[in-house]
Amino acid sequence: MRWKPGLAGEPAPAYPVETLRHWYVTPFGGFSPELGLFQVGINREALEKNTSLDPELDRVRVTVIGRVRRPFLFDRFFEVVPLDERHPDALQQSMGEAVFPEGDLVLRPRESPHVGDDVVLSNVASARLGLLDSQTFARIIQELFRSNRDSDPENS
């Protein structure tokens, strides 16, 4: 993991930790009403020092370790919100920990994380697919569906 230097004597946030390229693990910090659905908040300083995520461009898959993962095409992608003084409630819960919107409790009541659970933020799809323009991406998806349909005549 690459650490960006801070001022001498200044404690650096320990999370998120990049475990694989574009995969970050961080504890779950809690829920906040300041975040909208499909947003995940991370302390701004921790985000800048410990990740290569760009909140303006990147969207991440969010997985709570030990919970069921959805298939890629059904998964939701979350906007990364850098937490600072504009989000005081959420900021109180994050020194690098992930903060979810309160609405997440409604979307997945049995699968919602508990404070301290490990969360994976995966930027792999955003990093890889972000290099493609939308027409190229559409052609790739069409070809995948076409090739699967041709190889499985029983379900055509």
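It should be noted that the structure appears before, not after, this text.
Note that this is a predicted model, so its numbers are computed, not measured. (Residues numbered from 1 in each chain as written. Predicted model: local features only at pLDDT ≥ 70, side-chain atom pairs only at ≥ 80, totals over all residues. Heavy atoms only, no water.)

Colleague: I keep staring at the pattern of salt bridges and nothing clicks. Help me out?
Modeller: A side chain of one charge can pair with a side chain of the opposite charge when the charged atoms of the two come close. Going through the model one piece at a time under the given rule, you end up with four salt bridges. One salt bridge connects R44 with D84, and the closest N-O pair in it is separated by 3.0 Å. Of this pair, R44 sits in helix α1 (residues 44–50) while D84 sits in the loop between β5 (78–83) and α2 (88–92), placing them 40 residues apart in sequence. Exposure remark for D84: the relative accessible area of 8% places this residue in the buried category. Between R86 and D84 there is a salt bridge, with the nearest N and O atoms lying 2.8 Å from each other. (Salt bridge = Lys/Arg side-chain N within 4 Å of Asp/Glu carboxyl O. Helix = DSSP H or I, 4+ residues; strand = E, 2+ residues; numbered from the N terminus. Buried < 20%, exposed > 50% of the residue type's maximum accessible area, 1.4 Å probe, protein only.)

Colleague: Just to check I follow, could you spell out the nonpolar core for this structure?
Modeller: Here is a general trend for soluble globular proteins: nonpolar side chains tend to be buried in one another's company. Among the nonpolar cores identified, the biggest contains 17 residues, and V40, V60, V62, F100, V119 and L121 are the most heavily contacted of them. When contributions to this core are tallied by element, the ones reaching two or more residues are β2 (23–32), β3 (39–43), α1, β4 (59–64), β5, β6 (98–101) and β7 (118–122). In this view, V40 contacts V60, V62, F78, E79, V80, V81, A98, V99, F100 and L121; residues no more than four positions away in its chain are not counted. Residues V81, L83, A90 and V99 belong to the second largest nonpolar core, which totals five residues. (Core = buried A, V, L, I, M, F, W, Y, C linked by side-chain atoms within 4.5 Å. Contact = heavy atoms within 4.5 Å.)

Colleague: I keep staring at the packing of aromatic side chains and nothing clicks. Help me out?
Modeller: Counted under the stated rule, the structure contains five aromatic pairs. Taken together through their ring pairs, the aromatic side chains of F28, F31, F38, F78 and F100 make up a single cluster. (Phe/Tyr/Trp six-rings, centres within 6.5 Å; stacked < 30°, edge-to-face > 60°.)

Colleague: I tried to follow the pairing of β3 on my own but got confused; where do I start?
Modeller: Counting buried residues in β3 gives five out of five residues, a clear majority hidden from the surface. Residues Q39, G41 and N43 line one face of β3 and the alternating positions V40 and I42 line the opposite face, and both faces are buried. In this structure, β3 lies alongside β5, joined through five bridges in parallel fashion. When the sheet's bridge partners are listed, Q39 is paired in β5 with E79. (Pairing = 2+ DSSP bridges.)

Colleague: Just to check I follow, could you spell out the pairing of β2 for this structure?
Modeller: Consecutive side chains along a regular strand alternate between the two faces of the sheet. Across the 10 residues that make up β2, a large majority, nine, are buried. Between strand β1 (residues 17–20) and the antiparallel strand that follows it, β2, lie two residues; H22 among them carries a positive phi value of about 70 degrees. For β2 and β6, the ladder comprises four bridges, and the chain directions are parallel. Bridge pairing in β6 links G30 to V99.

Keep in mind these values describe shape, not function.
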